Amino acid sequence: MGTCDDLRQYGGAHAYFQTCPSRPVLALLTSKWALLTVGALQQGPLRFNALRRRLDGVTQKMLTQALRTLERDGLVTRTVYPTIPPKVVYELTELGHSLTGLLTAIQDWSEEHRDEVLAARGTYDRRAAAEVEPVRPVGDQWPVAGSPVVPPPTRTGAAAPACTPGPLPRPAAPRDASVRLSS
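Residues numbered from 1 in each chain as written. Predicted model: local features only at pLDDT ≥ 70, side-chain atom pairs only at ≥ 80, totals over all residues. Heavy atoms only, no water.

Student: Which residues make up the overall build of the protein, and what values go with them?
Tutor: In terms of helices and strands, the protein carries seven helices and three strands. Ordering the α and β elements of the protein from the N terminus gives α-α-α-β-α-α-β-β-α-α. Counting the 183 residues in the protein, one finds 19% classified as buried. Once local pairs closer than 6 in sequence are excluded, the contacts in the protein between residues at least 24 apart make up 39%. When the accessible area of the protein is evaluated, it comes to approximately 14500 Å², of which 57% is carbon and sulfur surface. (Helix = DSSP H or I, 4+ residues; strand = E, 2+ residues; numbered from the N terminus. Buried < 20%, exposed > 50% of the residue type's maximum accessible area, 1.4 Å probe, protein only. Contact = heavy atoms within 4.5 Å. Areas by Shrake-Rupley, 256 points an atom, 1.4 Å probe, with all protein chains shown as cover.)

Following this line, the structure appears as structure tokens:
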């Protein structure tokens, strides 16, 4: 018995394993254009160009791929009418309609928390764009996480020394020719 079966038997989170059969379904549900296409078809059947107009920003290629995937997975049916030119209509299957509750919940959550998510993005982007201060030693020790970092001294024309973790090396004492060091 595989790990997925073992965890499923006990109500475990089997979708977190890459070999779990539910992974491809999860991948479908995380596809932006597939979800938006299902959402657009909630109102009823649509022809390709009407669907494309409803999904602002989708390319013909992406919509075609999304529709083929949804049809293959049984969420959408494609009906071709024998007219000249051929009329093709897409509509949700019963399985596709069962997904609309989840889509509504995702849409509601997105609209309710939009401002919070955008504020968090702004905070992150400002923090990421700020100039990174180099870490400088305090005295002869490198700062420890959580300790204040002393601002670097200003230098003109001198390059900053290379930084390495650990205690700073002590400068060598001037050698006096008359003093011999014993080993």
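Student: Mind laying out the pattern of salt bridges, listing which residues take part and the relevant values?
Tutor: The tally for this structure, following the rule as stated, stands at one salt bridge. The partner of Asp115 in a salt bridge is Arg114, with the nearest N and O atoms 3.4 Å apart. We classify Asp115 as exposed; its relative accessible area is 55%. By relative accessible area, which is 47% here, Arg114 ends up partly exposed. (Salt bridge = Lys/Arg side-chain N within 4 Å of Asp/Glu carboxyl O.)

Student: Explain the packing of helix α3 (residues 32-40) against helix α5 (residues 60-72) residue by residue, including any values.
Tutor: Here α3 crosses α5 at 75°, and the two axes come no closer than 9 Å. Comparing the axis directions of α3 and α5 gives the class roughly perpendicular. Residues Trp33, Ala34, Thr37 and Val38 of α3 touch α5, and the partners they reach there are Met62, Leu63, Ala66, Leu67 and Leu70. Looking at the contact of α3 with α5 residue by residue, the class counts come to eight nonpolar, one polar and no charged. (Axes fitted to C-alpha atoms, helices over the stretch in contact; angles between N-to-C directions. Parallel < 35°, antiparallel > 145°, perpendicular 65-115°, else oblique. Nonpolar A, V, L, I, M, F, W, Y, C, P; charged D, E, K, R; others polar.)

Student: So what's going on with the confidence of the model for the protein? Residues and values would help.
Tutor: Predicted confidence across the protein gives a mean pLDDT of 79, with 69% of residues reaching 70 or more. A low-confidence stretch, residues 160-169 stays under pLDDT 50, and its non-local contacts, those more than four residues away or across chains, total 16 contacts. (pLDDT = per-residue confidence, 0-100.)

Student: Would you mind going over the packing of aromatic side chains in detail, with residue names and values included?
Tutor: A complete count under the given rule lists zero aromatic pairs for this structure. The ring centre of Tyr81 lies 5.4 Å from the NZ or CZ of Lys87, which sits over that ring. (Phe/Tyr/Trp six-rings, centres within 6.5 Å; stacked < 30°, edge-to-face > 60°. Lys NZ or Arg CZ within 6 Å of the ring centre and 35° of its normal.)

Student: Run through the side chain of Thr100, naming residues and quoting values.
Tutor: Position of Thr100 relative to the elements: it lies in helix α7 (residues 100-129). Residues in contact with Thr100, not counting those within four places in the same chain, are Gln42 and Leu92.

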